[in-house]
Amino acid sequence: MTKLLALWFCLAPILMAAAQAFPPSPAGTPEFKTLPAGMLLKSAAAGDYFAQSGRLFRPLFAYISKHDIAMTTPVEARMDGAAMFFWVAASERAKVAGSGEGVEVIEVPERHVASLGARGGYTESNFRRTRDELLVWLRTKPDVQPAGEPYAVFWNGPFLPGFLKHYEVHVPVRPAGA
């Protein structure tokens, strides 16, 4: 029975996946992609994301729970000037009650990014390694240039073991010379 429960806690997050705002990038394959315009919920704190992630998550989770808003993946994370963003599915927009309770409601336009997917825990060292790989790849693409700071995109919940987690690093891009 204990093994069955352990298996359930590992597989349940995979089997009961949340709605996706956009498709994940494959692990190990850098690509360019266009992210849709949408509504995001933002929680921010001073300092570094990895030192503040628990503090950032709590108000967002409390907000979606209070307003009965279904979780949508992925979660975006800004590293410096710590911020966490939850996507709001189009079908859930009417439930959003405005900014407050440590959460800011924002609308984002369509965005163009370079993306590199990876597997592993949501750690600072994994973020840095994946970011560095993506930036090396991006330097080989003369038609585009970075248009912002790299940030993390997390696809799985906290109870999934690290070796099963999928994440990405995105760098906003624009055409070279623009």
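This report concerns the structure included in the present document. (Residues numbered from 1 in each chain as written. Predicted model: local features only at pLDDT ≥ 70, side-chain atom pairs only at ≥ 80, totals over all residues. Heavy atoms only, no water.)

### Some remarks on helix α3 (residues 124-138)
Every α-helical turn comprises 3.6 residues, leaving residues that sit three or four positions apart pointing alike. Over its 15 residues, α3 runs 21 Å from end to end, which matches the ideal 21 Å to within 8%, given 1.5 Å per residue. Tucked inside the fold, the buried residues of α3 contact β2 (31-35), α2 (49-66), β8 (111-119), β9 (144-146), β10 (151-154) and β11 (166-175). (Helix = DSSP H or I, 4+ residues; strand = E, 2+ residues; numbered from the N terminus. Expected span 1.5 Å × (residues − 1). Contact = heavy atoms within 4.5 Å.)

### What to know about the pattern of salt bridges
Applying the stated rule across the entire model yields 10 salt bridges. As a salt-bridge pair, R129 and E133 come within 3.4 Å of each other at their nearest N and O atoms. With a gap of 4 residues between them, R129 and E133 both fall in helix α3, about one helical turn apart. Residue classification places E133 among the partly exposed residues on the basis of a relative accessible area of 42%. Between R131 and D132 there is a salt bridge, with its nearest N and O atoms 3.0 Å apart. (Salt bridge = Lys/Arg side-chain N within 4 Å of Asp/Glu carboxyl O. Buried < 20%, exposed > 50% of the residue type's maximum accessible area, 1.4 Å probe, protein only.)

### Examining α2
Here α2 is 18 residues long and its end C-alpha atoms lie 24 Å apart, about the 26 Å a rise of 1.5 Å per residue gives. The largest bend along α2 reaches roughly 30° and is located at R55, with the proline P59 sitting one to four residues downstream. For α2, the set of buried residues is Y49, Q52, L56, L60, Y63 and I64. Capping of α2 at its N-terminal end is provided by D48; its side-chain oxygen lies 3.0 Å from the backbone amide nitrogen of F50. Following α2 by one or two positions, D68 adopts a phi angle in the positive range, close to 55°. (Bend = angle between axes of the 7 residues up to and from the residue. Polar contact = N/O pair within 3.5 Å; in protein donor to acceptor, adjacent residues only side chain to side chain.)

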